Each structure stands twice: as structure tokens, then as C-alpha cells.
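In case you want the letters, here they are:
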Amino acid sequence: MKRPTRTEARNARAAFGFLLPFLAVFLLCFIAPIGYAIYQSLLKVERPAPLGIGGPTNEVWAGLSNYSHALEDERFINGFGRVLLFGVVQVPLMLVFATALALLLDAASARWVGFFRTAFFLPYGIPGVIASILWGFLYVPGISPLVEIADSAGWQVDFLGRDAVLWSIANIVTWQFTGYNMLVLIAQLKAIPGDLYEAARIDGASAWQIVRHVKLPLIKPALVLTTVFSIIGTLQLFAEPMVLRPLGTSIDSGYTPNLHAYNEAFTSNNQHIAAAEAVLLALVACVLSFGFLKLVGRGPRDGRDGK
């Protein structure tokens, strides 16, 4: 085997030196918390005092009992079903809006394009808690102009009712993140060579045909990326139901898996069960994300259209 030259060795050390800060932050802020959460999920608190009241407490090995407890908790499982329903409806709708806005702004030639791009992106700059508070004022009867307008039109609307609150949350998330996804898609559209558009026009393609056969296929990587981010964000749904919870009775402490884990840790003082629920949530996010990547990564094989 040929030994690396002095220059190659020096370049390798320089490259490792540039990577070292990232690796340190990655290990400290990502790998270490995951490992600690897994470790905590395998422990439980044992209180040796009579009836488990008072006295010293010890952390003992629990194995997978915390995971069994989490999976047997009906509210935790129902929270998963709720966020999955949320994602099935909200994620495609949001990405359709983001794609439509990106295509419109990419096709526009007016000087106000920059203004509209910034205006559409601006909601993403508002923290989720602040956005939820703002929309909460628009949902609460008595102070909401939207409810007053609906009442004047003869419609009985309860944005925070049991049947509507999930979609009220979906409206907040869609309003906040559509502009962010739009910006990702616009960046991908700007990377498409203009020669492709010119060739399509010479071949007689209409504007719609250029969108369908040129733009949409070439922004597929950006669409996949935004979809994966949206799937992960859906499973992490927390700030919106947390803020809207005091405004009505439709949101309980286990409305989403993240909210359930939070209450287990900081209200019920069951941090080991909360760690197990967090690990389960991360596993589901990984399965759905990589499953989606596997699904969209399939293509025609051997020139036989996948048959």
C-alpha cells in the first residue's frame, strides 16, 4: 500500500481540523442527549420507604418496562393517531400552497417579487409560541373578529371545539411554515438552467407544460426535503397545543405525544417514562422519514418501469 505523502497527510490533518468543531458540537448537542435519554428510559425510581412515601429514592434498572407503560397508555397512543391524521391532511396542503407560491413568484417578472417573497416568508420569523398567542385571540369567542363575522352571517363556529381545534392548530402551522417551504422551493427553481426553459419553448411547450414537465420534476429533491422536515415537525407538535390549551377544554395533557411526554416529566415527575416516550417518538419519526425517502426513491428499473 502506498504511504500518503507529506502534503496529503497535512491536507488530511487540516480537513480534520475543520471538521473537529462540527463533530464536537454534533456529539455534545445531538448524540449525547440521545444516549442520555435512552439510558434514562431504562431506569425507574424506587422508593424504599413504607408505601413509597418520603424517604430516600434510588434509580434502579427497569429494562423495557417504561416502554411497555408508554405503549399501554391510551392517551399517548391516541396522541400519535391525532398527529398522524394532522400530518396526512396538513403536510400535503401546506406543500401544495408552498409550491404554488414558489411557481408564481418564479414566473413573475414584476419588481414587487422581492416584497411578496419577504411577506410570505415573514410568518416563519415569528416564534411558534407568539404565533399561537396571536391566533388564539382570533379563535376565542367574544374577542375574535372572525367569530363575530361568522355569527353575523349565521354560522356557529367554535374554533377551539373538540371537532375543530386540530384544524385550528393546522391553520397556525400552515400559516407559519408555508413561506419557509416556499423559499426552499424557490432556491431550487433558481438553480434550474434557463436553457431548459428556452428549449421547451422552442419545442412548443406551453407555460403549464413547462411547469409540469420541467419545473416540477427538477424541484423533486426540494419537495422531498421539505416533506421530510414537515413529517418530523408534525410528530414534534407541541407549542401550538400547549399555548391554546388554557383557552378551551378540548386539548388535554396528552393531546400530542410531545405534550404527553412533557407533562409526564414536569407535571407527574415521571422523567424515566417521559424519556421512553421521547425515544419512541424519535423512532416513529425515523421510521416515517426514512420510509418516505425509500418510497420516493423508487424508480423505473432496468428500463421496464419498475416491473
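Up top is the structure these notes are about.
Residues numbered from 1 in each chain as written. Predicted model: local features only at pLDDT ≥ 70, side-chain atom pairs only at ≥ 80, totals over all residues. Heavy atoms only, no water.

Description of the packing of aromatic side chains
Heads up, the rule is: Aromatic pairing here means that ring centres of Phe, Tyr or Trp (its six-membered ring) are within 6.5 Å. Orientation follows from the plane angle: under 30 degrees is stacked, over 60 is edge-to-face, and everything else is tilted. Working definition: helices are DSSP H or I runs of at least four residues, strands are E runs of at least two. Numbering for both runs from the N terminus. Classification of residues uses two cut-offs on accessible area relative to the type maximum, computed with a 1.4 Å probe and protein chains only: under 20% is buried, over 50% is exposed, and between them is partly exposed.
Evaluation of the coordinates by the stated rule reveals 15 aromatic pairs. Measuring from ring centre to ring centre gives 5.7 Å for Y124 and F177, while their planes differ by 65°; the resulting arrangement is edge-to-face. Here the residue Y124 occupies a position in the loop between α4 (113-121) and α5 (128-139), and F177 occupies one in helix α7 (residues 165-190), the gap between them amounting to 53 residues. Look at Y124 and you get partly exposed, because its relative accessible area is 32%. On the accessibility criterion, F177 (29% relative accessible area) is partly exposed. Where W135 meets W175, the ring centres are 5.9 Å apart and the plane angle is 75°; that geometry is what we call edge-to-face. In this pair, W135 is assigned in helix α5 and W175 in helix α7, connecting sequence segments 40 residues apart. A relative accessible area of 15% places W135 in the buried class.

Examining helix α2 (residues 65-72)
Side chains that are three or four residues apart share a direction in an α-helix, a result of its 3.6 residues per turn. We count it as follows: The directions considered for the arc run from the helix axis to the C-beta atoms. Pairs of residues are marked as contacts when any of their non-hydrogen atoms sit within 4.5 Å.
Buried residues of α2: N66, Y67 and A70, and no others. Projected down its long axis, α2 carries its buried residues within an arc of 100°, all on one side. In this structure, the buried residues of α2 make contact with α1 (6-41), β1 (43-46), α3 (74-107) and α13 (271-297).

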